[in-house]
Amino acid sequence: MGMALIVVLIGFTLLSAAGLAGFAAESAVAAAPVVADSVVFSCKGAGLPASAGAPADLSPADVGMIVAGDVLFKNNCAQCHAVNEQVVGPALAGIRQRRPVSWLIPWVKNSSKVVASGDDYAVALFNKYSKQQMPSFTLSNKEITAILAYVASQEGMAVAVR
């Protein structure tokens, strides 16, 4: 019980420092900066928000982006994806090494349009997963970027037992 309280207090402190306490994920994403393709997230192993601490090189804005991405991921992506294991769709760990953000944003918004364009990677992915169509999402570029920040923060984390 005591450890759980400590984790909750540390989590609340992180949320407060990021200016997120009491705000919806959309508010956090609106306040967070857009991350360009050239930015490398230095949050490997941060495990936010599940972990008690964060690396010193994460700014409050980075933490806010990751927390917002966590909420968005769970509400939009977790039904078919996990970060470190394949579910219905592919595991998302390393996604920014496989495709640039400039490709990922249109893919998340309307994957069938990217497949229909004849993009080799999109067609191969579509065929690999038994032509299972990923639904289109009306997420903003900032929201998708927040999800990517969350995914980067979770890469290499232990897989939860179901």
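- Under the annotation held in an unreviewed UniProt entry, the protein carries the name Cytochrome c and is attributed to Hymenobacter ruricola.

1. A word on the overall build of the protein
Move 1: Broken down by element type, the protein carries 8 helices and 0 strands.
Move 2: Overall, the protein shows an N-to-C arrangement of helices and strands of α-α-α-α-α-α-α-α.
Move 3: Put simply, of all contacts in the protein between residues at least 6 apart along the chain, 66% involve residues at least 24 apart.
Move 4: Here the protein has roughly 8,900 Å² of accessible surface; of this, 63% comes from carbon and sulfur atoms.

2. Considerations on the side chain of Ser111
Move 1: Note on placement: Ser111 falls in helix α6 (residues 111-116).
Move 2: A polar contact is formed between the side chain of Ser111 and the side chain of Gln133, at a distance of 3.0 Å.
Move 3: Non-local contacts of Ser111, meaning those with residues more than four positions away in its chain, are made with Pro106, Gln133 and Met134.

3. Some points on helix α5 (residues 101-109)
Move 1: Of all the positions in α5, only Val101, Trp103, Leu104, Ile105, Trp107 and Val108 are classed as buried.
Move 2: Tucked inside the fold, the buried residues of α5 contact α4 (95-98), α6, α7 (120-128) and α8 (141-154).

4. Points about the layout of surface pockets
Move 1: Counted as a void, the largest pocket has a volume near 670 Å³.
Move 2: Forming the walls of the largest pocket are 33 residues, and the residues nearest its centre are His81, Pro90, Leu92, Trp107 and Met134.
Move 3: Those elements that provide at least two residues to the lining of the largest pocket are α4, α5, α6, α7 and α8.
Move 4: Ranked by the residues each element gives to the lining of the largest pocket, the list is headed by α7, at 5 residues.
Move 5: For the lining of the largest pocket, the residue count by class is 24 nonpolar, 7 polar and 2 charged.

5. Quick word on the environment of Phe73
Move 1: For Phe73, the position within the fold is in helix α3 (residues 60-76).
Move 2: Residues Phe73 and Ile147, spaced 74 residues apart in sequence, show a C-alpha to C-alpha distance of 5.8 Å.
Move 3: Each residue touching Phe73, except ones within four places of it in the same chain, is listed here: Ala78, His81, Ala82, Val83, Leu92, Ile147, Tyr150 and Val151.

6. A few points about the nonpolar core
Move 1: With 34 residues, the main nonpolar core has Phe73, Trp107, Val108, Leu139, Ile147 and Val151 as its most contacted residues.
Move 2: Among the elements of the structure, α3, α5, α6, α7 and α8 are those that each provide at least two residues to this core.
Move 3: If near-sequence neighbours (up to four positions away) are discounted, Val151 is found in contact with Phe73, Val83, Leu92, Ala93 and Ile95.

7. Brief notes about the packing of α5 against α8
Move 1: At a closest axis distance of 10 Å, the pairing of α5 and α8 adopts a crossing angle of 110 degrees. As the angle between them shows, α5 and α8 are arranged roughly perpendicular. As α5 runs across α8, the sense of the crossing is right-handed. Residues Val101, Leu104, Ile105, Val108 and Lys109 of α5 touch α8, and the partners they reach there are Asn141, Ile144, Thr145 and Leu148.
Move 2: Here the residues of the contact of α5 with α8 are counted per class, giving 6 nonpolar, 2 polar and 1 charged.

Reading the values: rules and limits
Residues numbered from 1 in each chain as written. Predicted model: local features only at pLDDT ≥ 70, side-chain atom pairs only at ≥ 80, totals over all residues. Heavy atoms only, no water. Helix = DSSP H or I, 4+ residues; strand = E, 2+ residues; numbered from the N terminus. Contact = heavy atoms within 4.5 Å. Areas by Shrake-Rupley, 256 points an atom, 1.4 Å probe, with all protein chains shown as cover. Polar contact = N/O pair within 3.5 Å; in protein donor to acceptor, adjacent residues only side chain to side chain. Buried < 20%, exposed > 50% of the residue type's maximum accessible area, 1.4 Å probe, protein only. 1 Å grid on protein atoms, 1.4 Å probe; cavity = no way out; pocket = protein on both sides within 12 Å on 5 of 7 lines; lining within 4 Å. Points joined across faces, edges and corners; volume = space filled by probe spheres on them. Nonpolar A, V, L, I, M, F, W, Y, C, P; charged D, E, K, R; others polar. Core = buried A, V, L, I, M, F, W, Y, C linked by side-chain atoms within 4.5 Å. Axes fitted to C-alpha atoms, helices over the stretch in contact; angles between N-to-C directions. Parallel < 35°, antiparallel > 145°, perpendicular 65-115°, else oblique. Left-handed = near helix turned anticlockwise from the far one by under 90°.

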